[in-house]
Amino acid sequence: MVIPRECLQTRMERKTISVTGMSCNGCEQNVETALRNLDGVNRVEADHEGDTVDVVLEDGVSDDDVNAAIEQAGYDVVA
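Remember, predicted model here, so these are calculated numbers, not experimental data.

*Asks:* Provide a residue-level description of the environment of Ser23, including the pertinent values.
*Replies:* Its place among the elements puts Ser23 in the loop between strand 1 (12-20) and helix 2 (25-36). You can call Ser23 exposed: its relative accessible area is 56%.

*Asks:* So what about the sheet that holds strand 4 (residues 76-77)? Which residues, and what values?
*Replies:* Pairing within the open sheet is antiparallel, and its four strands lie in the order 2-3-1-4. The two strands at the open ends of the sheet, each matched to only one other strand, are strand 2 (41-47) and strand 4. In terms of strand pairing, strand 1 meets strand 3 (residues 52-58) through seven bridges, oriented antiparallel. What sits directly across from Ser18, in strand 3, is Thr52. On top of the sheet, helix 2 reaches strand 2 and strand 3; it is set at about 165 degrees to strand 2, its chief contact. Against the sheet, helix 3 (residues 63-72) contacts strand 1, strand 3 and strand 4, and its axis sits at roughly 35 degrees relative to strand 1.

Procedures and definitions
- Residues numbered from 1 in each chain as written.
- Predicted model: local features only at pLDDT ≥ 70, side-chain atom pairs only at ≥ 80, totals over all residues.
- Heavy atoms only, no water.
- Helix = DSSP H or I, 4+ residues; strand = E, 2+ residues; numbered from the N terminus.
- Buried < 20%, exposed > 50% of the residue type's maximum accessible area, 1.4 Å probe, protein only.
- Pairing = 2+ DSSP bridges.
- Contact = heavy atoms within 4.5 Å.
- Axes fitted to C-alpha atoms, helices over the stretch in contact; angles between N-to-C directions.

Pasting the structure below:
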């Protein structure tokens, strides 16, 4: 994932999260939509084949909020 230039001007953090339970493109969309609904999420890309979610967050977005959004969408975050 390429981080856009505007994200570099604000304090941002890129994370890769291991997520289980995604089996198709629809699952990827569910996770991406759940995370985009959080304030401070600038970019998100889920990959069901790699069981990962790459996300670019503004400073101040908590891991707990991100994990809760993924879990509420029906998927499991691997610690």
